[in-house]
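Report on the structure
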Amino acid sequence: QYTAMTVTLAHVHQRYPLLAICDECAHPAELDVDDLIDTLGPDHPVPAIKKRLRCTRCGSNSCAVQLALPE
């Protein structure tokens, strides 16, 4: 069983898109999981990505990371 902190980039790779959503201006952006794996490694926890994000619209470094699950 997975907890929020144990879900890694390898778990979501080619299964679900990852979205970054700015907490300040609500700007959404799809993250490139392949690039994240190349940079951070496949075992990097998905929730820890948010510490590395900055909004491309307003510059805020307060962003949430969400899986884009199918309806």
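Here, the structure is the one placed above.
Now for a look at the structure at hand. (Residues numbered from 1 in each chain as written. Predicted model: local features only at pLDDT ≥ 70, side-chain atom pairs only at ≥ 80, totals over all residues. Heavy atoms only, no water.)

Moving on, we get to the overall build of the chain. Along the chain, the regular secondary structure elements total 2 helices and 3 strands. Order of helices (α) and strands (β) in the chain, N terminus to C terminus: α-β-β-α-β. On C-alpha atoms alone, the chain measures out to a radius of gyration of 12 Å, which is about the 11 Å that the 2.2 N^0.38 rule sets for 71 residues. Dimensions of the chain, computed from C-alpha atoms along their principal axes, come out at roughly 35 × 30 × 20 Å. By residue count, 31% of the 71 residues in the chain fall in the buried class. Of the roughly 4900 Å² of accessible surface on the chain, 49% is carried by carbon and sulfur atoms. (Helix = DSSP H or I, 4+ residues; strand = E, 2+ residues; numbered from the N terminus. Rg over C-alpha atoms; globule rule 2.2 N^0.38 Å. Buried < 20%, exposed > 50% of the residue type's maximum accessible area, 1.4 Å probe, protein only. Areas by Shrake-Rupley, 256 points an atom, 1.4 Å probe, with all protein chains shown as cover.)

Note that Cys25 resides in the loop between β1 (18–22) and β2 (28–31). For Cys25, a relative accessible area of 28% gives the class partly exposed. Taking C-alpha positions, Cys25 is 9.9 Å from Ser62, a pair spaced 37 residues apart along the chain. When sequence neighbours within four positions are dropped, the list of residues in contact with Cys25 reads Cys55, Arg57 and Cys58. (Contact = heavy atoms within 4.5 Å.)

With respect to the element layout, His27 can be found in the loop between β1 and β2. Owing to a relative accessible area of 17%, His27 belongs among the buried residues under this scheme. Dropping the residues within four chain positions of it, His27 is found in contact with Ala20, Ile21, Cys22, Cys55, Thr56 and Arg57.

Attention now moves to the pairing of β2. Sheet topology places β1 next to β2; 4 bridges connect them, and they run antiparallel. Looking at β2, one finds that Leu18 is bridged to Leu31. Counting the residues in the hairpin turn of β1 and β2 gives 5 residues, including Ala26, whose phi is positive at 65 degrees. (Pairing = 2+ DSSP bridges.)

Next up on the list: helix α2 (residues 33–40). Of the residues making up α2, those classed as buried are Val33, Leu36 and Ile37. The buried residues of α2 occupy an angular sector of 100 degrees when the element is viewed end-on, so they sit on one face. With respect to the buried face of α2, the exposed residues turned more than 90 degrees away are Asp38 and Thr39. Buried residues along α2 sit against α1 (9–12), β1 and β2. Where α2 starts, the residue carrying a side-chain oxygen 3.0 Å from the main-chain nitrogen of Asp34 turns out to be Asp32. (Arc of directions from axis to C-beta. Polar contact = N/O pair within 3.5 Å; in protein donor to acceptor, adjacent residues only side chain to side chain.)

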